[in-house]
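# Structural features, examined
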Amino acid sequence: MEKGKDRFPFPYRPYDIQEQFMQSLYSALDQGKVGIFESPTGTGKSLSLICGALSWLADYEERRRQEAAALLQEGEAALSVSTAQSSTPSSSAEPDWITDFVQKKAERDLVTKLKEDELKRKKREERLEMIRNNVQLKYAMKRKIYYCSRTHSQLAQFVHEVQKSPFSKDISLVTLGSRQNLCINEEVRRLGSIQRINDRCMEMQKNKHEKQHHEEGVKRKRGPAKSVCPYNKALALQQMRDEVLGTVHDIEQLLKLGRETHSCPYYATRLAIPPAQLVVLPYQMVLHEATRKATGVQLKGQVVIIDEAHNLSDTLSCIHSAELTGAQLCRAHSQLSQYADRYKSRLKAKNLMYIKQILFVIEGLVRVLGGKVGQNPQSQTTQTGTEMLTINNFLFKAQIDNINLFKLQKYFEKSMISRKLGGFVEKYAGSGVSLHVQSSSNKENRRTEGLNRYLQTLQTNQSTAQVASADQQGSAEAEKVLSASPMMQVEGFFMALTNSNTDGRVVVHRQGTLSEGSVKFLLLNPAVHFAQVLKECRAVIIAGGTMQPVSDFKQELLFSAGVGDERITEFSCGHVIPPENILPLVLCSGPSGQELDFTFQNRDSPRMMDETGRILSNICNVVPGGVVCFFPSYEYSRQIVSHWEANGALARLANKKKIFQEPKKANQVEQVLSEFSRCIQRCALDSSGLTGALLFSVVGGKMSEGINFSDDLGRCVVMVGMPYPNIKSPELREKMSYLDKHLPHSGGKSPGQALIENLCMKAVNQSIGRAIRHRGDYSSIVLCDRRYSRPATLSKLPTWIKDRTSTYTNFGPAFAALRKFFQEKKQKQV
């Protein structure tokens, strides 16, 4: 079996590190490994993934083709020999004749099967050849590669790289997305939220099937005609599927194609999954089992590449969590009670029993929050406080430990009760509250509540603008009520409670009123859901620009999922920039000699904030273009900027560079970045006295990930302090406790302590990785805190940064090195 490859098709001569990357990737796929691949942004990671993976796929399919042809030839030869032997006289007894007959039948069956497989393959070849108008063809076998990334913009960028690659004419690629991203029905798109778009789409599908049923001669009940989607027609969908398979399209091109062909991109792309060779999709669609099944993603024996995977553990935990507010619980109880009352004479005794059990469980959850069902949750006051419970203890506290939640889950799936509550109003005794709530469900989007909530956190200003149609629904409050089906979320929470007692916790959060209180399931062991992906796939590649520190990936997601060390392979490469193009510095003290120790106890002191202002002032004196300064939290950013306003430091900084601040709203990020960029460009041309712009940002905020500060936009990245997570968070404390109990201790530190440090350094690495985006780029990185000088901390920086980092006890020599760095760059440009 081939284990490596020397040459790879590439659009230009690859860098040495790209060839090494592709060779390691090829071997990992060929040997069925779980690979952790780190390649800094700007080193051509996407192209290396594409050319390495697709080269393996092409070679693999060719080997399969040759093996099948050899088997067919052997089978036909064996059959001809046995036929010749059977035609000669034989004096053998009857048992030999029977044996001969059975043997020949087995051989014939083998040959028949091989011929059938060959015929199917040829048919697939002919169909794709017709689609591509006889352009070079690679036949579509069942083996495919799934490429996943975090956001749709990252997926679009990957597809553009495929279009530029040598494989663009040969590969059958399909890009998947949510209905919110792929719907072209304006009536549905205007609904805004993922949940409401899903519900409306499925309702229109149901109406379509009912309409077809009526056309077959079944009498329709009186009432207005129900609307169906004009873009969901079988012939148009098949035609669009063929177009998708014939040419590589990104999301925007799919939308354009859908409008031109008057067919739905969402359903057409799903039809294209089985014959496609490369499926590009958000990795939530792979990591969440219910969504996998609904989408038609089959992982058995396939290859999965998870790109931008630095937050994989957090993502797994997030999409498998579930949360219910007191308001949602009361609303669900009200609707389900009315449903049971209205149809109790028509419901079977068993179904009525399950409904009563669901109501009983909801009552228990409301009781845990300190309230009662049947009354307006907004008017019920509760004691404030947070409580962390194991799943079993929570069930006991809610007095629902005698209920079989697994059976209730099956009832939810079979009865589709969540969809049947649409049209029931929310009523509370004596409160006058009567809100119409539309709630519907379906097999595809049930049990994906955690995923939907995760997706909503990734939405951009587009979805924010779309929700402006709230006036059509009445008021902002009514829009909020209509935004999600409470029974669907109840179902998701019930499912979460079926996790193993050791794998999760339930957080009970009381907020003063019942409506604002909540119960939240917290997944502590993401490996339990990742294990199935690792088990089913032939190979899994976990890739990113910054994967350090890798230790938590291996311990928390791989070893805990049962992956042996022998199946894991690691690859990390340096950057393509020359060593002299990056200057990473660790500052242990400031210009006045003040030690830089931004611990929680020290960072609020006026002298520490004053010293930080002096450091920035000196940096802005010698760094041209853009300086990006990251603070550990929004609160500290607000506090230190207010302090500088009061003492005049901010005005002094503004005399050198125009100051920008990270906006609070996501839909303002693009505008701030555009103004930041334009300011830097103007300063390079005019004589205003400004040397560029200074941007205050926050680690883990809107500008610390997925945004490029290349070239003049980020000539210096400053990190103020170390962004440790809030150790007082009940969820984090429970996670630390869980790791301490279930993972081995190493390096003299507990797994809980290692988690804290890893979370901090992952956030740092993401932030400082915003600069240096291509081979010719250059930048400086200033880490302001003496704690960065610790060997254990330095070791968690990306290798290409760590190897070039210098630590300075005094500010003077550090400032001299910074000034020299930019003077040399200026001389080279001249």
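Residues numbered from 1 in each chain as written. Predicted model: local features only at pLDDT ≥ 70, side-chain atom pairs only at ≥ 80, totals over all residues. Heavy atoms only, no water.

- The protein carries the name ATP-dependent RNA helicase DDX11-like protein 8 in an unreviewed UniProt entry, which gives Lates japonicus as its organism.
- The UniProt entry for the protein carries the following text under Sequence similarities (unreviewed entry): "Belongs to the DEAD box helicase family. DEAH subfamily. DDX11/CHL1 sub-subfamily."
- Its UniProt record, at the heading Subcellular location (unreviewed entry), says of the protein: "Nucleus". (UniProt positions renumbered as here; feature names shortened; annotations may be inferred.)

### Considering the packing of aromatic side chains
- Following the criterion strictly, the structure yields 21 aromatic pairs and no others.
- With centroids separated by 5.1 Å and ring planes inclined at 55 degrees, the aromatic side chains of Tyr339 and Tyr343 adopt a geometry described as tilted. Residue Tyr339 and its partner Tyr343 are both found in helix α14 (residues 326–343); the two are separated by four residues, about one turn of the helix.
- Here Tyr343 falls in the partly exposed class, since its relative accessible area comes to 23%.
- Geometrically, the ring pair formed by Tyr778 and Phe821 is edge-to-face, given 6.3 Å between the ring centres and 65 degrees between the ring planes. A residue pair is termed long-range when its members are at least 10 positions apart, and Tyr778 in the loop between α29 (751–768) and β19 (779–784) and Phe821 in helix α32 (residues 811–829) qualify at 43 residues.
- Put simply, the rings of Phe631, Tyr636, Trp644 and Phe696 touch in pairs and so form one group of aromatic residues.
- Arg270 extends its terminal NZ or CZ atom over the ring of Tyr266, reaching a point 3.8 Å from the ring centre.
- Directly above the aromatic system of Tyr636 lies the positively charged group of Arg603, at a separation of 5.0 Å from the ring centroid. (Phe/Tyr/Trp six-rings, centres within 6.5 Å; stacked < 30°, edge-to-face > 60°. Helix = DSSP H or I, 4+ residues; strand = E, 2+ residues; numbered from the N terminus. Buried < 20%, exposed > 50% of the residue type's maximum accessible area, 1.4 Å probe, protein only. Lys NZ or Arg CZ within 6 Å of the ring centre and 35° of its normal.)

### Digging into the sheet that holds strand β16 (residues 658–661)
- The seven strands are arranged β16-β17-β15-β18-β19-β14-β20 in an open sheet whose pairing can be described as parallel. The open sheet has two edge strands with one neighbour each: β16 and β20 (806–808). The average angle at which neighbouring strand axes cross in this sheet is 20 degrees, direction not considered.
- Relative to strand β17 (residues 692–698), strand β15 (residues 625–631) runs parallel, the two being bridged by seven bridges. The residue of β17 that forms the bridge with Gly626 is Ala693.
- Lying over the sheet, α32 contacts β14 (582–587), β19 and β20, oriented at roughly 165 degrees with respect to β14. (Pairing = 2+ DSSP bridges. Axes fitted to C-alpha atoms, helices over the stretch in contact; angles between N-to-C directions. Contact = heavy atoms within 4.5 Å.)

### Concerning helix α21 (residues 486–496)
- Of all the 11 residues making up α21, 10 are buried; the element is thus mostly covered by neighbouring parts of the structure.
- When α21 is considered as a whole, its buried residues turn out to be Pro486, Met487, Met488, Gln489, Val490, Glu491, Gly492, Phe493, Phe494 and Ala496.

### With respect to the pattern of salt bridges
- This structure, assessed with the given rule, holds 24 salt bridges.
- In this structure, Arg65 and Glu62 form a salt bridge, with 3.5 Å as the shortest nitrogen-oxygen distance. One end of the pair is Arg65 and the other is Glu62, both in helix α2 (residues 45–87) and three residues apart, which spans about a single turn.
- We classify Arg65 as partly exposed; its relative accessible area is 28%.
- Glu260 serves as the salt-bridge partner of Lys256, at 2.7 Å between the closest nitrogen and oxygen. Within this pair, Lys256 and its partner Glu260 are both found in helix α9 (residues 251–261), separated by four residues, close to a single helical turn. Here Lys256 matches Glu260 in class, with each residue exposed. (Salt bridge = Lys/Arg side-chain N within 4 Å of Asp/Glu carboxyl O.)

### A word on a positive patch on the surface
- Judged by side-chain charge, Lys348, Lys350, Lys407, Lys410 and Lys414 come together as a positively charged surface patch.
- Counting residues per element, the positive patch draws most heavily on helix α17 (residues 405–415), which supplies three residues. (Patch = residues over 30% accessible without salt bridge, like charges linked within 9 Å, V, L, I, M, F, W, Y side chains within 5 Å. Areas by Shrake-Rupley, 256 points an atom, 1.4 Å probe, with all protein chains shown as cover. Lys, Arg positive; Asp, Glu negative; His and termini not counted. Charge placed at Lys NZ, Arg CZ, Asp CG, Glu CD.)

### Quick look at the packing of α14 against α21
- Relative to each other, α14 and α21 sit at 110 degrees, their axes nearing to 9 Å. In terms of their interaxial angle, α14 and α21 are classed as roughly perpendicular. In this structure, α14 meets α21 at a crossing whose hand is left-handed. From α14, Gln328, Leu329, Arg331, Ala332, Gln335 and Leu336 reach across to α21, where they touch Pro486, Met487, Gln489 and Val490.
- For the contact of α14 with α21, the class distribution of residues is six nonpolar, three polar and one charged. (Parallel < 35°, antiparallel > 145°, perpendicular 65-115°, else oblique. Left-handed = near helix turned anticlockwise from the far one by under 90°. Nonpolar A, V, L, I, M, F, W, Y, C, P; charged D, E, K, R; others polar.)

### Remarks on the sheet that holds strand β5 (residues 303–306)
- Spatial ordering of the open sheet is given by β3-β4-β2-β5-β12-β1-β13, a layout of seven strands whose pairing is parallel. Each end of this open sheet is capped by a strand with a single partner; those strands are β3 (173–175) and β13 (568–572). For this sheet, the mean inter-axis angle between neighbouring strands, taken without regard to orientation, is 15 degrees.
- Here strand β1 (residues 34–38) pairs with strand β12 (residues 539–544) via five bridges, running parallel. Directly across from Val34, in β12, lies its bridge partner Val540.
- Strand contacts of helix α22 (residues 527–536): β1, β5 and β12, with the helix running at about 120 degrees to β12, the strand carrying the most contacts.

### Some thoughts on the environment of Ile772
- Examined against the element boundaries, Ile772 turns out to sit in the loop between α29 and β19.
- Each C-alpha atom, one on Ile772 and one on His575, is 9.2 Å from the other, the two residues being 197 residues apart in sequence.

### Some points on the state of the cysteines
- Evaluation of the coordinates by the stated rule reveals zero disulfides.
- Cys620 takes part in no disulfide bond, and the closest cysteine sulfur to it belongs to Cys716, at a distance of 8.3 Å. (Disulfide = S-S within 2.5 Å.)

### Section: α14
- Here α14 spans 26 Å end to end across 18 residues, near enough to the 26 Å set by a 1.5 Å rise per residue.
- Counting buried residues along α14, 15 of its 18 residues qualify, which places the element largely inside the surrounding structure. (Expected span 1.5 Å × (residues − 1).)

### Details of the confidence of the model for the protein
- Within the protein, residue pLDDT values average 81, and 82% of them lie at 70 or more.
- Counting interchain partners and residues more than four positions distant, the pLDDT-below-50 stretch residues 132–141 has 31 contacts.
- Taken as a whole, residues 430–484 scores under 50 in pLDDT and shows 127 contacts with residues more than four places along the chain or in a different chain. (pLDDT = per-residue confidence, 0-100.)

### Focus: the packing of helix α24 (residues 606–622) against α32
- Contact geometry of α24 with α32 gives a least axis separation of 9 Å together with a crossing angle of 25 degrees. In terms of their interaxial angle, α24 and α32 are classed as roughly parallel. Helix-helix and strand crossings are classified by hand; for α24 and α32 the assignment is right-handed. Contacts from Ile615, Asn618, Ile619 and Val622 in α24 reach Phe811, Phe815, Leu818, Arg819 and Phe822 in α32.
- For the contact of α24 with α32, the residue count by class is seven nonpolar, one polar and one charged.

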